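Architecture at a glance
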Amino acid sequence: MASERLSSPEDLVVPAVVTVRLIRSFEQRNFKPVVFQQVSLEQTVQDFMRSVRDDIATRPGLPPPFRKYGYDTMKIIHQAHGAKTNELVMSLDDDERLILQDDDTLRAAGVEQQDVFLIINHGSPVT
């Protein structure tokens, strides 16, 4: 009916499909993309990083160096329906906005369906 309120996209809780690039070396362009389905955008970045680390530790087909690496930082590198970067591994621009903060939910951090992230060890030297 005309008086019924239509649901906004924020009201719909639809699990997302996202791709996470596991980055081992920028210099060698050593990375592996891993697709995660049924990702709740209501979970915190810290919880999602924990589930990614737990998943890759036992995921078949991933070489051991990717499984055991100490990933600690996530960054959005491509958002669906947006312009892609020319960088082969990651964009070096706009870190303040695109590096995800641990306490934010994925939705609050601006994550959307079909986004692409990278996950790195920010504390280690980039090689």
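See above for the structure.
Bear in mind the structure is a predicted one, so any value in this text is a computation, not a measurement. (Residues numbered from 1 in each chain as written. Predicted model: local features only at pLDDT ≥ 70, side-chain atom pairs only at ≥ 80, totals over all residues. Heavy atoms only, no water.)

Counting secondary structure elements, the protein contains 3 helices and 4 strands. Sequence-ordered secondary structure for the protein, helices as α and strands as β, is β-β-α-α-β-α-β. When each of the 127 residues of the protein is scored for burial, the buried share is 32%. Contacts in the protein between residues at least 24 apart in sequence constitute 68% of all its contacts with a sequence separation of at least 6. When the accessible surface of the protein is split by element, carbon and sulfur atoms take 49% of a total near 8100 Å². (Helix = DSSP H or I, 4+ residues; strand = E, 2+ residues; numbered from the N terminus. Buried < 20%, exposed > 50% of the residue type's maximum accessible area, 1.4 Å probe, protein only. Contact = heavy atoms within 4.5 Å. Areas by Shrake-Rupley, 256 points an atom, 1.4 Å probe, with all protein chains shown as cover.)

Pairing is mixed across the open sheet formed by 4 strands, whose spatial order is S2-S1-S4-S3. Across the chains shown, the open sheet's two edge strands, defined by having one partner strand only, are strand S2 (30-39) and strand S3 (73-78). Adjacent strand axes in the sheet meet at a mean angle of 30 degrees, parallel and antiparallel pairs treated alike. (Pairing = 2+ DSSP bridges. Axes fitted to C-alpha atoms, helices over the stretch in contact; angles between N-to-C directions.)

This part covers a negative patch on the surface. A contiguous patch of negative charge on the surface is contributed by Asp-72, Asp-102, Asp-103 and Asp-104. Summarising the element assignment, Asp-103 is placed in the loop between helix H3 (95-98) and strand S4 (116-120). (Patch = residues over 30% accessible without salt bridge, like charges linked within 9 Å, V, L, I, M, F, W, Y side chains within 5 Å. Salt bridge = Lys/Arg side-chain N within 4 Å of Asp/Glu carboxyl O. Lys, Arg positive; Asp, Glu negative; His and termini not counted. Charge placed at Lys NZ, Arg CZ, Asp CG, Glu CD.)

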